[in-house]
Amino acid sequence: MASRDIHGIDPPWGDFRHVGRALRKVDGLAKATGAAVYTDDISLPGMLHAKLLRSPHAHARILAIDTTRVRQLSGVHGVITGEDLPVKFGILPWTQDETALAVGKVRHVGEPVAAVAAVDEDTANAALKLIRVEYELLHVYIDPFESLSRHDPPIHEQHRSGNISKHVHLSFGDVDMALSHADAVVEGDYFFHGTTHAAIEPHCAVAQYAADGVLTLWSSTQITHYVHRALAHVLGLSAHRIRVIQPCLGGAFGGKSDPFSFEFVTAKLAMLTGRPIKLLYTREEVFYTHRGRHPMHMHYKTGATRDGRLTGVDATILVDGGAYSSYGLVTTYYAGQLLTGPYDFPTYRFDSTRVFTNKPTCGPKRGHGSVQPRFAFEVQLDELAEVLRMDPIEIRRRNLLGADTTTVNGQRITSNGIAKCLDFVEQASGWTTRRGRLGYGRGLGVAASMYISGTNYPIYPNPMPQAAVQLKIDRSGLVTVFSGANDIGQGSNSIAQYLVAEELGLALDQVRVASADTDLCPVDLGAYSSRETFMVGNALIDACRKIRPQLVQAVAERWQVDTARVRFVEGVVIDLEDVSRSMSAAEAFQLAEEKFDTLGATGAYNTPTLGGDYRGGTIGAAPAYSFTAHAVEVSVDVETGRITCHDVWIAHDCGRALNPMLVAGQMEGSAYMGVAEALMEDHDVHASGLHKGPSLLDYRIPTSVDTPALHALIVESLDPEGPYGAKEAGEGPLHPSIPAISNAVFDAVGIRLRHLPFTPGRVLAALRARQHSAPSGEPELAGGPR
Amino acid sequence: MLRLPRFELRQPTSVAEAARMLADLGPDALVLAGGTDLLPNMKHELFTPAVVVSLGRIDALRGIRAEADGSLRIGAMTTIADVAHSPIVAERAPCLAQAAGLIAGPQLRRAGTIGGNVLLDTRCQYYNQSYFWRSALGYCLKKDGTVCHVVAGASRCVAAAAADTAPALMTLCATLEFERAAGQRAVAIDDFWVADGISNRRILPGEILVSIRIPPTPPGHRGAYGKLRERGSIDFPLLGVAARLDIDAGGLVERADLVLTALAARPRRVSEASTRLCGTQPGTPGFDMAVQAVAESARRHCHTLSNLLGDTAWRQDMIPVYVKRTLQAAAAGGGPVHHL
Amino acid sequence: MHLTVNGDVHHVDAPDHWTLLEVLRYRLGLTGSKQGCDKGDCGACTVLVDGQPMISCLMLAREAENRAITTIEGLMPHHIAAGGTGADPVQDAFDQCGALQCGFCQSGTILSAHALLSGTPNPSDAEIRDALAGNLCRCTGYTQILQAVQLASARARGVSPPPRSWETPPAPAGSPAPSPTETA
């Protein structure tokens, strides 16, 4: 399996014609002219509008639901409750604890309880108000520490471990010995708060159940394939009678990678009414759906030699999961498994516990399960540097993993550009001459990270390919790529165009992409874990290399030359040894069709067997890892406590930048999101479980005037298994921004921020505490102020 | 999509016509100016009038006029953007120009009006939410309920005054000019407020705010506005500070005023400003010490509440900081005071 | 009611409580203007009203009568009618700079940028940021949006746009430290 999937880093013939250029996207102009069709832009004849009735209580038993008055309202065509969709689902096969509508009880404020379909939204809203639900209130779990010890009442009755969602304890080497013998040990508590995706497009689905019993669902999803399977499972329909299509999508970041209530509800109502159904979330509903970043209470202890070499890391993490499992099993592993690069430490232990609470469910948000531990560790590494009186970049340099090695927890590292990433941010920020020298109130900070580029395992265990494409070669000279990949704005469709045009030697406008339609496209697992470019890219090259010999051979035979002389160059076929001879790619296609009959090819990719040989060893294993370093420059207003981030220098090893402009866009967008989480975003609930501010006015994401200057610096390590050497760029570049800000604040004003978000109030409190602490007891600050 | 509740729209073309409509319709009708406050509140089902009377077609309500006596008269339907960009407002009423320029974001400033801003509904994190959210909370004293979630056991609502122009206009001693079917009324803006978050203004049924008159300001007039908020755009104030200093020919402060907002239901004057600052000279230690004293007085006498989402204790700590910075900015002929 | 949208007069039948955004999207089928936050917090619904960017989800459709409304769909036809080819130059610049990741905020952002450039042909970075301060973008971090506006402005003036950070790698170690306030 593995050898099939390594295509090499070199251009297919001669030099790269498209790869490496700042090309336009396939859908750019459609988006820029308002022509791109997003799910809410779809309107079907006779379409009804559905709305969800949501629970006002965080934890309660449902005693009765009375919908009789709804059915009497003119314009209402359907009303359903949990009884109509009782089959449990969940993204992970081992933790299917959700139902489309609540059955028996509700577990968070905003959980869907009933649904109506009506001629318009006004009528649907009026109908919701006529539904009477009787609840019996139960104890509300808000503090995750309570869920650790209290299990009565259990949030999930059938869950074996009470309110503990998942527990992982893994140990590599003798950490206690390593720490007891270390020259320097730093220990501390760190807290990462809840944040959410806040994609500008709210969730939306349109369902149509045709007279012949085929269900079509258009949905703003990152995971058409998993939704396809979930619909079959919950609705009791054969999967081959279901079609799932992902239209153009307005941002996701992990918030659209579960199967959701609204998808099952629209489908069910379409089946019950015989009419198309649309359900569009309000912005508030997006907050209740959440699946955002898990708050984590973390305790880290790290030891090092006096030369700054790490000897061991010991982590204890409490993960606040919210009401349901979602990807939580994976999160619990990731919280420990993803920390073992970019540094080499010989011993490591982590104890990670995820608990249920009566709050909107947490799930994957960009940098799933990894951003929080990375924050804690990168701040602690800086604290270690302070104790050892070492420059923060230097201590990192002394501990870097190299290329082609294995981490302490058995992950295979191949390409590794972290050293250059650190060099780049050091140079770009003027680190060596400026850190510690910008005057009180202004500072520089650094942090580094590593992230998976795809994962070793599919969500449901199976030996089939994880990514696949199909090519259609047309006499007109057009190649159509059928790609299962979900383009959520990151540009996976554009990558498909670039790679196919590159491999087949075509002009860009000779390649078009049809994607994320389960009727038309082969299975791709979805846009999560930064897998699309890596896996679909390899599948594309695979498919092209199956078809290319046929094209080349047909031309060679016509010209009666050796195949090595035939070259396709941006849509023109030439004879390398005779410039007078050429033909168009379209003609070549026709020759090949004549010779081989109708042309086509499939391509696929699967990861090699990876991961440590222990339970959970595959979780965190990836076919390649990206590497990132950030330097940030901040100033702190010591009167107000406000942190202003001026510049973020982002150096990211993406293997090879297939399109440096798209890579830079991902780097900038990721860094922006990290800065936002550090300084401004806060997803939180009142003691009742009610979200404190479920709007884009109250949940603050930075505007154009709030965002620092973002400098993307691309590093290429040419991964041996990535498509032409490419690795991910969509999640890695978020991680270091948050700890780098904390580290910069230390350089600026000598306080350590270990608790997120870095609000002005916290900064002022830390400044006051520092003023009052005895100066003689403090370690001498490395490069810090007085 | 959050939908507006159903209503009938009327679009009168004169103030008299609008006033007659309001008189006929009584409490079934609400006035629509720029819509940037009323429409979100209606989407939240905080207001569900059967009829909405829009002032959008009454051109007479727009415009900034310099009157013969040196005063400024601003039509109530003048957009925030026009107030912010007006050279004459910048020259004669800098605090107002600065406050207007900091409201919301660029698009909303083109729709929002100065009249709408002065008459802005009070705001609270337990009030400015959807119907569903408020029902989950159990409603509140201001709307549909009996309990205040900010001050336990409170019998009076403490929703926050949220308009940026109001404190600025108070330092300018503005007069609000109303018209209704039964006649006209002018009220000094200082006298307009009521310490009640449910309705913090003394407005009569059927009254339309027609214009705002700002008396002449002397040659040495200076003003500045300070706005505390988390982001540099869009957000309502977490604290607003309007400062006025009139400097006489000898360089001494002959008149000083300081008004804070985003505390409780009405903008709050800090009287210490007048007593301490008059007679001091900006740029001297005497002035700086007086500013310090005013800041300290504001901190002692003004109190933030948890009516707004955010760190209440931090907002309280920012009172003396923003008072000091805004007074110094006014003294220097600068401002606004804003973190960006 | 009669609404003038992108130069065409439409007779629209909608209740008084429908907003301009709802009429555009669900009555006229002009789905380019987007619905992001329901109540004016995000700017995705921005349209031009008499050339000025406004929030269409907080405008009653009836209040938009007698105004000239331009949606994102109107830019290209207007450009072609004026003798151009393809997309409007501002739209094209956004495409060329990679500013369209998910694209959902861009109908609003492009219109705000378009209006800015109409009045301020050579805006500074600060002016661009200020003009776009009512358009939330979650994908780009605003960097490529700024670059797009700079590109459109530079093209119109016949000059080169500023370089982008990833176009040249940082100087090797030992070179003079760069200015810390370089913009991307």
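The rules behind each value
- Residues numbered from 1 in each chain as written.
- Chains lettered and ligands numbered in written order.
- Predicted model: local features only at pLDDT ≥ 70, side-chain atom pairs only at ≥ 80, totals over all residues.
- Heavy atoms only, no water.
- Helix = DSSP H or I, 4+ residues; strand = E, 2+ residues; numbered from the N terminus.
- Rg over C-alpha atoms; globule rule 2.2 N^0.38 Å.
- Buried < 20%, exposed > 50% of the residue type's maximum accessible area, 1.4 Å probe, protein only.
- Contact = heavy atoms within 4.5 Å.
- Buried area = accessible area lost by both parts, 1.4 Å probe.
- Pairing = 2+ DSSP bridges.
- Axes fitted to C-alpha atoms, helices over the stretch in contact; angles between N-to-C directions.
- Phe/Tyr/Trp six-rings, centres within 6.5 Å; stacked < 30°, edge-to-face > 60°.
- Patch = residues over 30% accessible without salt bridge, like charges linked within 9 Å, V, L, I, M, F, W, Y side chains within 5 Å.
- Areas by Shrake-Rupley, 256 points an atom, 1.4 Å probe, with all protein chains shown as cover.
- Salt bridge = Lys/Arg side-chain N within 4 Å of Asp/Glu carboxyl O.
- Lys, Arg positive; Asp, Glu negative; His and termini not counted.
- Charge placed at Lys NZ, Arg CZ, Asp CG, Glu CD.
- Polar contact = N/O pair within 3.5 Å; in protein donor to acceptor, adjacent residues only side chain to side chain.
- Nonpolar A, V, L, I, M, F, W, Y, C, P; charged D, E, K, R; others polar.
- Parallel < 35°, antiparallel > 145°, perpendicular 65-115°, else oblique.
- Left-handed = near helix turned anticlockwise from the far one by under 90°.
- pLDDT = per-residue confidence, 0-100.

1. Notes on the overall build of chain A
Next, step 1: Along chain A, the regular secondary structure elements total 19 helices and 28 strands.
Next, step 2: For 786 residues, the compact-globule formula gives about 28 Å, and the C-alpha radius of gyration of chain A, at 27 Å, lands near that figure.
Next, step 3: Overall size of chain A, expressed as C-alpha extent along the three principal axes, is 85 × 75 × 50 Å.
Next, step 4: Expressed as a percentage of the 786 residues in chain A, the buried residues total 70%.
Next, step 5: Considering only contacts within chain A whose residues lie at least 6 apart along the sequence, 80% involve residues at least 24 apart.

2. Here we look at the interface of chain C and chain A
Next, step 1: Across the boundary between the two partners, chain C contributes 58 residues, which contact 69 residues of chain A.
Next, step 2: Buried surface at the junction of chain C and chain A, summed over both partners, amounts to about 5000 Å²; 57% is from carbon and sulfur atoms.
Next, step 3: Only helix H1 (20–26), helix H3 (89–96), helix H5 (125–131) and helix H6 (143–157) of chain C provide two or more residues apiece to the side of chain C that touches chain A.
Next, step 4: For the side of chain C that touches chain A, the element with the highest residue contribution is H3(C), accounting for four residues.

3. Thoughts on the sheet that holds strand E24 (residues 578–584) of chain A
All names here are of chain A.
Next, step 1: Strand order across the open sheet formed by three strands is E22-E23-E24, with antiparallel pairing between neighbours. The sheet is open, and its two borders are formed by strand E22 (566–569) and E24, each paired with just one other strand. Taken over all neighbouring pairs, the strand axes of this sheet differ in orientation by 30 degrees on average, direction set aside.
Next, step 2: The pairing of strand E23 (residues 572–575) with E24 spans four bridges and is classified as antiparallel. For Ile 574, the partnering residue across the bridge sits in E24 and is Ser 582.
Next, step 3: Sheet contacts for helix H15 (residues 532–559): E22, E23 and E24; angle to E22, the most-contacted strand, approximately 125 degrees.
Next, step 4: Against the sheet, helix H16 (residues 585–596) touches E22, E23 and E24, its axis set at about 70 degrees to E24.

4. Section: the packing of aromatic side chains
All names here are of chain A.
Next, step 1: Scanning all chains against the criterion turns up 27 aromatic pairs over all chains.
Next, step 2: Between Phe 16 and Tyr 724, the ring centres sit 5.2 Å apart and the planes meet at 75 degrees, which makes this aromatic pair edge-to-face. Taken as a pair, Phe 16 in the segment before helix H1 (28–32) and Tyr 724 in the loop between strand E28 (709–715) and helix H18 (737–749) lie far apart in primary sequence, 708 residues in all.
Next, step 3: The buried category is assigned to Phe 16, whose relative accessible area is 15%.
Next, step 4: Given a relative accessible area of 0%, Tyr 724 falls into the buried group.

5. With respect to a positive patch on the surface
Residues and elements named next belong to chain B.
Next, step 1: Taken together, the side chains of Arg 156, Arg 202, Arg 266 and Arg 268 make up a positively charged region of the molecular surface.
Next, step 2: Inspection of the secondary structure assignment puts Arg 268 in strand E12 (residues 268–269).
Next, step 3: A relative accessible area of 37% places Arg 268 in the partly exposed class.

6. Here we look at the interface of chain B and chain C
Next, step 1: On the side of chain C, 34 residues touch chain B, which itself brings 28 residues to the contact.
Next, step 2: When the area that chain B buries against chain C is broken down by residue, the three leading residues are B:Met1, B:Gln107 and B:Arg110, summing to 26%.
Next, step 3: In this assembly, chain B and chain C are joined by two salt bridges.
Next, step 4: When the shortest N-O distance is used, the salt bridge between B:Arg57 and C:Glu65 registers 3.6 Å.
Next, step 5: Seen at the junction of chain B and chain C, the total is 13 residue pairs in polar contact (both at pLDDT 80 or more).
Next, step 6: At the level of secondary structure, the elements contributing two or more residues to the side of chain B that touches chain C comprise strand E1 (8–10), helix H2 (38–43) and helix H6 (106–111) of chain B.
Next, step 7: For the side of chain B that touches chain C, the per-class residue count stands at 13 nonpolar, eight polar and seven charged.

7. Observations concerning the pattern of salt bridges
For side chains of opposite charge, pairing can occur when their charged atoms come near one another.
Next, step 1: Taken as a whole and assessed by the stated rule, the structure comprises 89 salt bridges over all chains.
Next, step 2: Put simply, A:Lys31 and A:Asp27 hold a salt bridge, and the shortest N to O gap is 3.1 Å.
Next, step 3: The exposure class of A:Asp27 is buried, given its relative accessible area of 13%.
Next, step 4: Between B:Arg65 and B:Glu67 there is a salt bridge; the shortest N-O distance is 3.3 Å.
Next, step 5: Residue classification places B:Glu67 among the partly exposed positions, given a relative accessible area of 22%.
Next, step 6: Bridged by salt links that share partners, the residues A:Arg374, A:Glu378, A:Asp382, A:Glu386, A:Arg396 and A:Arg752 form one connected network.

8. Description of the environment of A:Ala100
All names here are of chain A.
Next, step 1: In this fold, Ala 100 is placed in the loop between strand E3 (76–81) and strand E4 (105–106).
Next, step 2: Counting along the chain gives 523 residues from Ala 100 to Pro 623, while the straight-line C-alpha distance between them is 35 Å.
Next, step 3: Discounting chain neighbours no more than four positions away, the residues touching Ala 100 are Leu 85, Phe 89, Pro 112, Ser 261 and Phe 264.

9. Some words on unusual backbone geometry
Next, step 1: With omega at 0 degrees, the peptide bond leading from A:Asp152 into A:Pro153 counts as cis.
Next, step 2: Residue placement: A:Pro153 occurs in the loop between helix H4 (144–149) and strand E7 (164–172).
Next, step 3: Cis geometry marks the peptide bond from B:Gly335 to B:Pro336; its omega dihedral reads 0 degrees.
Next, step 4: For B:Pro336, the location among the structural elements is in the segment after helix H12 (312–331).
Next, step 5: One non-glycine residue, B:Glu45, adopts positive backbone phi at about 60 degrees.
Next, step 6: Residue placement: B:Glu45 occurs in the loop between H2 and strand E3 (51–54).

10. A few points about the packing of helix H14 (residues 492–503) of chain A against H15(A)
Residue and element names in this part refer to chain A.
Next, step 1: Where H14 contacts H15, the two axes come as close as 9 Å, and the packing angle between them is 30 degrees. One element, H14, and the other, H15, form an angle in the roughly parallel class. Of the two possible hands of crossing, H14 and H15 adopt the one that is right-handed. Residues Ser 492, Ile 495, Ala 496, Leu 499, Val 500 and Glu 503 of H14 form the contact with H15, whose own contacting residues are Glu 532, Thr 533, Gly 537, Leu 540, Ile 541, Cys 544, Arg 545 and Arg 548.
Next, step 2: The class makeup of the residues in the contact of H14 with H15 is seven nonpolar, three polar and four charged.

11. Looking at the confidence of the model for chain A
Next, step 1: With 98% of its residues at a pLDDT of at least 70, chain A reaches an overall mean of 96.
Next, step 2: Confidence drops under pLDDT 50 across residues 776–786 of chain A; counting only partners more than four residues distant or on other chains, this segment forms 26 contacts.

12. Description of the side chain of A:Thr347
All names here are of chain A.
Next, step 1: Here Thr 347 is to be found in strand E15 (residues 347–355).
Next, step 2: Of note is the side chain of Thr 347, whose polar atom sits 2.9 Å from the backbone oxygen of Thr 311.
Next, step 3: Ignoring sequence-local partners within four residues, the contact set of Thr 347 consists of Phe 172, Gly 173, Asp 174, Val 175, Ala 178, Thr 311, Gly 312, Val 313 and Val 408.

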